[in-house]
Amino acid sequence: NKLPHFAEGKVVKGFGRGSKELGIPTANFPQDVVDKLPEEIGEGVYFGWARVNSKPVYKMVMSIGWNPYYKNKKKSMETHIINEFEEDFYGSELKVVMLGYIRPMRDFKSLDELIKAIQADIKEAEEKLELPEYKEFRDNNFFRETS
Ligand code: ADP
Ligand code: MG
């Protein structure tokens, strides 16, 4: 078990898959951050905590998938922070801790099914992160040091 996994880096442009249009924007990490992901952490949806610059620490769901830029030979890490931000934060420093696994990646028959699945992921993340064993990571030193 390779969790918790801590990661940090600057938010880069994703593949423009229209996550924002679905109401679920996902902030992408650059490839060098993704390359530090242990091989044991496979494709799927994970939950944890995230912080952008010196903003508060929020709950997040993250999908680990395959990066189309690298012909799906390298992974991608896309974080949806469970908070409404007033502005985009491309170029900002993003810190995350991945704590648990929710489900494998799958193909959805419709956009509606996809959105429902993500809403269920968000609900699960919100609940799990209230458990003391996960909640304590919100106050971890990793988030406290500001860069
Ligand atoms: P891209 O393909 O560039 O990743 P998205 O549609 O997935 O585009 O939008 C991601 C961007 O939206 C992030 O890089 C960030 O700047 C912004 N954003 C705004 N709110 C959030 C949020 N709650 N979680 C993640 N990203 C957000
Ligand atoms: Mg995205």
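Just so it is clear, the structure is predicted and the values come from calculations on it, not from any experiment.

Secondary structure summary: the protein contains four helices and six strands in total. Sequence-ordered secondary structure for the protein, helices as α and strands as β, is β-β-α-β-β-β-β-α-α-α. For 147 residues, the compact-globule estimate of 2.2 N^0.38 gives 15 Å, and the protein sits close to it at 14 Å. With the principal axes as the frame, the protein shows a C-alpha extent of 40 × 35 × 30 Å. A total of 147 residues make up the protein; the buried ones form 25% of that total. Restricting the contact set of the protein to residue pairs at least 6 apart, pairs at least 24 apart contribute 67%.

Now for the site of ligand 1. Near ligand 1 lie 20 residues; those nearest to it are G14, S19, K20, P25 and D88. Among the secondary structure elements, those contributing two or more residues to the shell around ligand 1 are β2 (27-28) and β5 (75-81). Sorting elements by how many residues they give to the shell around ligand 1 places β5 first, with three residues. Each residue belonging to the shell around ligand 1 can be placed in one class, and the counts come to eight nonpolar, eight polar and four charged.

On to the sheet that holds β5, then. What the six strands build is an open sheet, ordered β1-β6-β3-β4-β5-β2; its pairing is antiparallel. The two strands at the open ends of the sheet, each matched to only one other strand, are β1 (5-10) and β2. Sheet analysis places strand β4 (residues 57-66) next to β5, joined by seven bridges and oriented antiparallel. Its bridge partner lying in β5, V61 is registered against H80. In the packing of helix α2 (residues 111-128) onto the sheet, contacts are made with β3 (44-52), β4 and β6 (93-103), and the angle to β4 comes to roughly 130°.

What follows covers the pairing of β3. The element β3 is largely enclosed, with a buried count of eight among its nine residues. Judged from the eight bridges that link them, β3 and β4 form a sheet pairing that is antiparallel. Residue pairing for β4: Y46 is matched across the bridge by M62. Where β3 folds back on β4, the antiparallel hairpin that results is connected by four residues, among which N53 adopts a positive phi of roughly 45°.

A few words on the environment of I118. Along the chain, I118 falls in helix α2. Between the C-alpha atoms of I118 and G23, which are 95 residues apart in sequence, the distance is 10 Å.

Judged by how many residues are buried, β5 sits mostly within the fold: six of seven residues are covered. Note: β2 against β5, two bridges, orientation antiparallel. By the bridge assignment, A27 is partnered in β5 with T79.

Let us look at α2. Taking 1.5 Å per residue as the helical rise, α2 with its 18 residues ought to reach 26 Å, and the 26 Å between its terminal C-alpha atoms agrees with that figure. The complete set of buried residues in α2 reads I118, D121 and A125. Projection of α2 onto a plane perpendicular to its axis shows the buried side chains occupying an angular sector of 55°, all on one side. What points out from α2, more than 90 degrees from its buried face, is the exposed set D112, E113, K116, Q119, K123 and E127. Where α2 is buried, its residues touch β3, β4 and β6.

Here is what the cut-offs are and how they apply
- Residues numbered from 1 in each chain as written.
- Chains lettered and ligands numbered in written order.
- Predicted model: local features only at pLDDT ≥ 70, side-chain atom pairs only at ≥ 80, totals over all residues.
- Helix = DSSP H or I, 4+ residues; strand = E, 2+ residues; numbered from the N terminus.
- Rg over C-alpha atoms; globule rule 2.2 N^0.38 Å.
- Buried ≥ 20, exposed ≤ 12 C-beta atoms within 10 Å, placed from the backbone.
- Contact = placed C-beta atoms within 7 Å.
- Near = placed C-beta within 6 Å.
- Nonpolar A, V, L, I, M, F, W, Y, C, P; charged D, E, K, R; others polar.
- Pairing = 2+ DSSP bridges.
- Axes fitted to C-alpha atoms, helices over the stretch in contact; angles between N-to-C directions.
- Expected span 1.5 Å × (residues − 1).
- Arc of directions from axis to C-beta.

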